[in-house]
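These are the residues of each chain, in order.
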Amino acid sequence: MRLPASFRRNLRLLRIVHILATHGMAAIAVRLRLFLPYVWIMQWFREEPLPTEAGAQIREALEKLGPTFIKLGQMLSTRVDLLPLDVAIELKKLQDEVPPEPFSSVKQVVERSFKKPLLGDDGLFHSFDERPIAAASIAQVHFAELHDGSRVAVKVRRPRIARTIEADLAILKLLASLFDRYFPEYRRLKAPEVIEEFAVTIRGELNLRAEAAHASRFAENFADLPGVRVPAVRWDYTHTEVLTTERISGIPIDEKEKLREAGHDCLRLCERAAALFFHMVFVDGYFHADMHPGNIFVADNGDIVLVDFGIVGRLDMRSRRYLADMLLAFLKEDYRRAAEVHVEAGYVPASTDISAFEDALREIAVPIFNRPLGDISIAELLLAMFAVTERFKMETRPELLLLQKTMVVMEGVARELADQANIWLLARPLVTEWMTRHMGPVGRAEALAGEVRLQLGQWLNLPERLESQLAAARQLRVGDVHEVSRLPHVTGALLAGAGGALFAWYAAGDADHWVLVAGGLSLAFGLLLALSRA
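Residues numbered from 1 in each chain as written. Predicted model: local features only at pLDDT ≥ 70, side-chain atom pairs only at ≥ 80, totals over all residues. Heavy atoms only, no water.

Asks: Just give me the short version of the pairing of strand β6 (residues 242-246), but keep the residues and values in it.
Replies: Most of β6 is tucked away: 4 of the 5 residues are buried. Where strand β4 (residues 151-157) lies against β6, 5 bridges are found, and the strand directions are antiparallel. Bridge pairing in β6 links Val152 to Glu246. (Buried < 20%, exposed > 50% of the residue type's maximum accessible area, 1.4 Å probe, protein only. Helix = DSSP H or I, 4+ residues; strand = E, 2+ residues; numbered from the N terminus. Pairing = 2+ DSSP bridges.)

Asks: Could you give an account of the sheet that holds strand β7 (residues 251-252), with specific residues and numbers?
Replies: Across the sheet, 4 strands lie side by side as β5-β10-β9-β7; this open sheet has mixed pairing. Of all the strands in the sheet, just β5 (228-229) and β7 have a single pairing partner and so form its edges. Judged from the 2 bridges that link them, β5 and strand β10 (residues 304-306) form a sheet pairing that is parallel. Note on β10: the bridge partner recorded for Val228 is Ile304. The sheet strands contacting helix α12 (residues 266-284) are β5, β9 (296-298) and β10, and the helix crosses β10 at an angle near 45°. (Contact = heavy atoms within 4.5 Å. Axes fitted to C-alpha atoms, helices over the stretch in contact; angles between N-to-C directions.)

Asks: Go over the environment of Arg371, please, and point to the residues and values.
Replies: Note that Arg371 resides in the loop between α15 (354-369) and α16 (378-386). Given a relative accessible area of 30%, Arg371 falls into the partly exposed group. With residues up to four places along the chain from it excluded, the contact list for Arg371 reads Ile376 and Glu380.

Asks: Please provide a residue-by-residue account of the pattern of salt bridges, values included.
Replies: Taken as a whole and assessed by the stated rule, the structure comprises 22 salt bridges. With a shortest N-O distance of 3.0 Å, Lys155 and Glu211 are connected by a salt bridge. You can see Lys155 sitting in strand β4 and its partner Glu211 sitting in helix α10 (residues 208-221), a full 56 residues away along the chain. We note that Lys155, like Glu211, is buried. (Salt bridge = Lys/Arg side-chain N within 4 Å of Asp/Glu carboxyl O.)

Asks: Can you tell me about the packing of aromatic side chains, naming the residues and giving the values?
Replies: For the coordinates displayed, the defined rule picks out 8 aromatic pairs. Consider the rings of Phe103 and Phe128, whose centres lie 6.0 Å apart with planes at 45°: the pair is tilted. Taken together, the positions of Phe103 in helix α7 (residues 103-114) and Phe128 in strand β1 (residues 127-128) put the pair 25 residues apart, joining distant regions of the chain. Across the pair, Phe128 and Phe103 agree in class, each one buried. Within the aromatic cluster, the residues linked to one another by ring pairs are Phe103, Phe125, Phe128 and Tyr237. Seen from the ring of Tyr286, Arg217 lies directly overhead, with NZ or CZ sitting 3.8 Å from the centre. Sitting over the face of the ring of Phe143, Arg247 holds its NZ or CZ atom 3.6 Å from the ring centroid. (Phe/Tyr/Trp six-rings, centres within 6.5 Å; stacked < 30°, edge-to-face > 60°. Lys NZ or Arg CZ within 6 Å of the ring centre and 35° of its normal.)

Asks: Could you give an account of α12, with specific residues and numbers?
Replies: Its 19 residues place the ends of α12 26 Å apart at the C-alpha level, agreeing with the 27 Å of an ideal helix rising 1.5 Å per residue. Where α12 bends most, the angle comes to about 25°, and this point is Phe278. Taking burial as the measure, the 19 residues of α12 include 15 buried ones, the bulk of the element. Taking the backbone nitrogen of Leu267 as reference, a side-chain oxygen 3.1 Å away marks Asp265 as the first, capping residue of α12. In the stretch just after α12, Gly285 is the one whose phi turns positive, near 65°. (Expected span 1.5 Å × (residues − 1). Bend = angle between axes of the 7 residues up to and from the residue. Polar contact = N/O pair within 3.5 Å; in protein donor to acceptor, adjacent residues only side chain to side chain.)

Asks: I'd love a proper account of the pairing of β4, names of residues and values included.
Replies: Of all 7 residues in β4, 6 are buried, a share of seventy percent or more. Sheet topology places strand β3 (residues 139-145) next to β4; 7 bridges connect them, and they run antiparallel. Across the sheet, the residue bridging to His142 is Val154, located in β4. The antiparallel hairpin formed by β3 and β4 contains 5 residues in its connecting segment, where Gly149 sits at a positive phi of about 95°.

Below is the structure:
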């Protein structure tokens, strides 16, 4: 008999309170007003010694609470704008490893998804290994062979995992709202918003067809990048709960000794990894955001092969330009310019004291750039920058948090493969070429032209937007029996649009001041006419 949902939720909440009370966080449970008598009793009878570090206590608690909370901890490990640095570093140790599901459950998921038997003449696969090669909290991977002889890897979502995660998300949202209510001094952490962001991420990981789309896009992006590839997706054998790709063989990129024994040039692999990272971030603006060493393999021919595309990060061209401008300013030790770029990008409020912000950036950057070239870490620089968010009300940028997480892995991989290797030095020719192309006169002219096109398009669409607003306003009027002429409104909207176009022309730098005056008059008269009553 299945228990009522509310009863199951309360049991799960009691389990969470028990973990908090037995891991040095009873005060949190007390302030959240959760099962107070139970918390007090557990405090009296607790005998297990606790880790002395707060980060270790939190990590152990999350590990005992299960997959959803482990993934939450992994996400929070990148949020040094929310957590103390030592706690964030401790949360990076969280491992997403759980016992595999029995083969009978895997078979049931696959057959339910495709409405076919798993094996046999009419089945999906010619053979299917019962033992998984990898098992994580959301899915596990099995090797199989298709009827045409193709060897594939099949990623199968755990049964009932979607229901479990949704139940945990509902509890996390409740806890976040209670935290926001009873910890008013920490409202700046925006706990409900953090949980909403986490919910979007983990729900995306549940959809294996979306992961297949990510893999397909990476394959297209890397088509002209030598030495890097992505396993091909077998779409006929892919579903929301099942992802089938070509089977790859290789050595995990962090196993240096095995790579050397196989005859691979580790320095060459570093260069290839640097080119891969640069290409994803700056050329494509679309990067793998879960690049731990277990997702990066080296094939027999030396190609770098990426797997597991559940989480991706995106950077539009404007963000890439700002990021490049900021990195260039840091590398030149021009901290004034670095501070200005943050304001121009909107990362900090326009009212920020530039001089004070410059000093803060200098404080975190100088110790990093005073190291030998091989020890300079841009990832560490970004991490330290996130830590100053409270002082300067720096806006949290999820894409930059994902980027910093990817940087940490890539810098670590480079140092593991070759002592003193630095991906930024290895990628310097690529970065220089990209900056020359996109940050030089031609690139800045293209950026201006793109901004002008955007503004012009918005102004040209103004008449339609105004007309729709006016139509909606007319529908709300009560008692109007006569039809109002649209001509003044439409004419005014057109004049306003023309004024906007003149402004855009002037902003492009190709027009005289009379164009600015004419644009202002046209815009003002047009708005008055469009908004006037008939």
